[in-house]
Amino acid sequence: MNLRTTVALLIIALGLGLFIWILDRRSPTTRENRTGYIVDLDRNEVTRLQITNESANTILNKTAAGWQIIAPVNDRADAQVVDSLLDNIQFLRRDDIISNLGKGEKKQKRLKDFGLQKPHLKVAWQTKNRHSAIEFGADTAVEGTCYVRTEGSDVVFVTGNELKNLISKRSNAFRDHQITPFLTTQIDRVIVHQTAGDIELVRQQNGWQIVRPIKARADDDIVNAALEKINATPILDFVEGEKIPNTEIENSSRSISLFSGDEKVEIFCGSPVPSQPGKIYLRVPSRPSLLVVTDSFAQTINVKPNQLRDRRIARLNSDIIDRIRIDQPGTSSVLLARHENGWDIVSQQNAPANAEVVNRLIATLNGTDVQEFVSDTAADLSRYRLDVPALRIGFSSYASDNTAESGAGEEPIATFAIGKLDKNAYYARIEEEPYVFSVSEQTVSSLPTHDFDFWALDVLNLQRSDLVSIEIENDAGKVELVRDDRGKWFTKEKAEAQNETALQTFLNTVSHIRAVAWVRSSQPAYGLDHPTETIRMHTKTGQFELQIGGANERGDRYAMFSNRVFLIGANDYQQLSARLAR
């Protein structure tokens, strides 16, 4: 074989290969045999859908904001329905293939038998590069299946009825049945329009705020639940053209405006729907039709300002609080400061504070409801003795360096002020907010307001190796504990009869004394003027004395250490008063 023949055969082989490749690319049957699907579709490339059925010609366009129905009306499309439509097209499987249709009249007769000669049901789609369509014919003898073919194809497929049933629906089925296009979390401003006046709410960084007709914190749960209910209210029907009733719905005294950034949706409540109890008309000017919904929508927006108010005393973010200052006339101020992962009592020379008490103070104000909103303005503070409060608790943040948002130093967050007592309730206010409310006497009395309320509960924390000797005096007499050169402890008078288990328990307990609670000052009822037990501890560096008095109703004991009175737990007292010698 010469070179010319070889080159000629090579060119023929390449041409044949190219022809087969092109044929394979353009042949639906080859593609379908390979994939099992009737069409080859990437749903993300679809920019236009057209559905033709006996009731309407529905056209949907893909826009930057999402899918829009442009015929027979111009309205938002239901994104979930369109997604389902595209899924059904992309994954439309064949159950059978009928490829030998014949020619001429035979072919036309077979197409007529399949209901595909002049199909009344069709879905078409447009991508950047091509237009495609599926035509639907009659149902087959097998229940739940039908005949289809791709537009212009000589191949008929048998497939399930799911897509056929979907595109057989009225065009309204493809319209968005949600009243607004917003997610609840996207709504940042609300105006409820009523005959009595507007109620305006604004979402701020720390939650919802009422700005009209009063300035007050709104209850986030109540506002969000109402917005969620509005968004969850489905449109039951669309009314248009000659069916629209003669009603001045835009002049309704019941309406609401919802904002998301620069976008706005107005919703007007109209009259009841005739012969349909529990349903009303809505008008949304941005939509082309009158909407029918349940009358629960009108009930949702029929609210008063006080129904939306946050009834909690305060809304404090504990993560940003660095300073707490408590002021009471006639007593020294209590100043607390955050220190690393804990708190210090600055007014007590930076003594460690009980972080649980600090957190409980914040939680009490955040979790306790006001009894009553007394006044929406704080104009006459003297009337409630809030001009010179009996108690002020100020919360602030602190920055050691200048930042883009704020300068260095203390930045007030909220100040809780208590006025006079009236009928088992105190008048109170948050000074940064312009209204007065009442708080129960029980709530105020439970607040920690003195420095001893914040003392850390660790009374004494020693290493046992620091102890040298201990003297115990109680009703049974006096016992002295000493330690030998090897570090072994024994009772000086009755070493041979000592209770070793009780002795070791006593030493562990007396080295780590913890209060149940601190008590403001000693009183005769505490029994500390005649203690039931006195324990003197001698260490390498000094001496400590613990006095234990009477019991309270829970069995805890009053005790004094370094002139501070506290309650020691009943179990600890039992271990400290146990007999150390048999």
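Residues numbered from 1 in each chain as written. Predicted model: local features only at pLDDT ≥ 70, side-chain atom pairs only at ≥ 80, totals over all residues. Heavy atoms only, no water.

Visitor: With reference to specific residues and values, describe the sheet that holds strand β24 (residues 391–399).
Guide: Taken in spatial order, the nine strands line up as β22-β21-β20-β19-β24-β25-β26-β27-β23 in an open sheet, and their pairing is antiparallel. Taken across any chain shown, the strands that pair with only one partner, and hence form the sheet edges, are β22 (351–352) and β23 (372–375). As judged from the nine bridges shared by β24 and strand β25 (residues 409–421), these two strands associate in the antiparallel manner. Bridge pairing in β25 places Ser397 opposite Glu411. Helix-sheet contacts for helix α9 (residues 355–367) involve β19 (323–327), β20 (334–339), β21 (342–345), β24 and β25, and the interaxial angle to β24 is about 110°. (Pairing = 2+ DSSP bridges. Helix = DSSP H or I, 4+ residues; strand = E, 2+ residues; numbered from the N terminus. Contact = heavy atoms within 4.5 Å. Axes fitted to C-alpha atoms, helices over the stretch in contact; angles between N-to-C directions.)

Visitor: Lay out helix α11 (residues 500–511) in plain terms, naming residues and giving numbers.
Guide: Over its 12 residues, α11 extends 17 Å from the first C-alpha to the last, a length consistent with the 16 Å expected when each residue adds 1.5 Å. If you check which residues of α11 are buried, you get Ala502, Leu503, Phe506, Leu507, Thr509, Val510 and Ser511. (Expected span 1.5 Å × (residues − 1). Buried < 20%, exposed > 50% of the residue type's maximum accessible area, 1.4 Å probe, protein only.)

Visitor: Kindly report on the pairing of strand β32 (residues 512–519), identifying the contributing residues and their values.
Guide: Walk down a regular strand and you will see the side chains alternate between the two sheet faces. Bridge count for strand β28 (residues 458–461) against β32 is three bridges, and the pairing is antiparallel. Looking at the pairing, Asp458 lines up with Arg514 of β32. Where β32 and strand β36 (residues 564–568) come together, four bridges link them in antiparallel fashion. Across the sheet, the residue bridging to Ala517 is Leu567, located in β36.

Visitor: So what about the sheet that holds strand β34 (residues 543–551)? Which residues, and what values?
Guide: Pairing is antiparallel in the open sheet, where nine strands are placed in the order β28-β32-β36-β35-β34-β33-β29-β30-β31. Edge positions in the open sheet fall to β28 and β31 (489–491), since each of these has one partner strand only. Averaged over all pairs of adjacent strands, the angle between their axes in this sheet comes to 25°, without regard to strand direction. Judged from the four bridges that link them, β34 and strand β35 (residues 557–561) form a sheet pairing that is antiparallel. When the sheet's bridge partners are listed, Gln547 is paired in β35 with Met560. Across the face of the sheet, α11 comes into contact with β28, β29 (467–474), β30 (477–483), β31, β32 and β33 (533–539) while running at roughly 55° to β32.

Visitor: Give me the lowdown on helix α3 (residues 79–90), citing residues and values where you can.
Guide: Given 3.6 residues to a turn, an α-helix orients residues that are three or four positions apart in the same direction. For α3, built from 12 residues, the straight-helix expectation of 16 Å at 1.5 Å per residue is met to within 8% by its first-to-last C-alpha distance of 16 Å. Within α3, the full set of buried residues consists of Val81, Val82, Leu85, Leu86, Ile89 and Gln90. Elements that come into contact with the buried residues of α3 comprise β1 (48–52), β2 (57–63), β3 (66–71), β6 (121–126), β7 (131–139) and α5 (162–167). You can read the cap of α3 off the contacts: a side-chain oxygen lies 3.0 Å from the backbone nitrogen of Gln80, and it is on Asp78. (Polar contact = N/O pair within 3.5 Å; in protein donor to acceptor, adjacent residues only side chain to side chain.)

Visitor: So what about the pattern of salt bridges? Which residues, and what values?
Guide: Applying the stated criterion across every chain yields a total of 32 salt bridges. For Arg514, the salt bridge goes to Asp458, with nearest N and O atoms at 2.9 Å. Taken together, the positions of Arg514 in strand β32 and Asp458 in strand β28 put the pair 56 residues apart, joining distant regions of the chain. For Glu471, the salt bridge is made with Arg536, and the minimal N-O distance between the two is 3.9 Å. (Salt bridge = Lys/Arg side-chain N within 4 Å of Asp/Glu carboxyl O.)

Visitor: An account of the environment of Ile191 is needed here, citing residue identities and associated values.
Guide: For Ile191, the position within the fold is in strand β10 (residues 189–193). Separated by 110 residues in the primary sequence, Ile191 and Ile301 place their C-alpha atoms 9.9 Å from one another. When residues no more than four places from it in sequence are discounted, the contact partners of Ile191 are Asp198, Ile199, Glu200, Arg212, Ser255, Ile256, Ser257 and Phe259.

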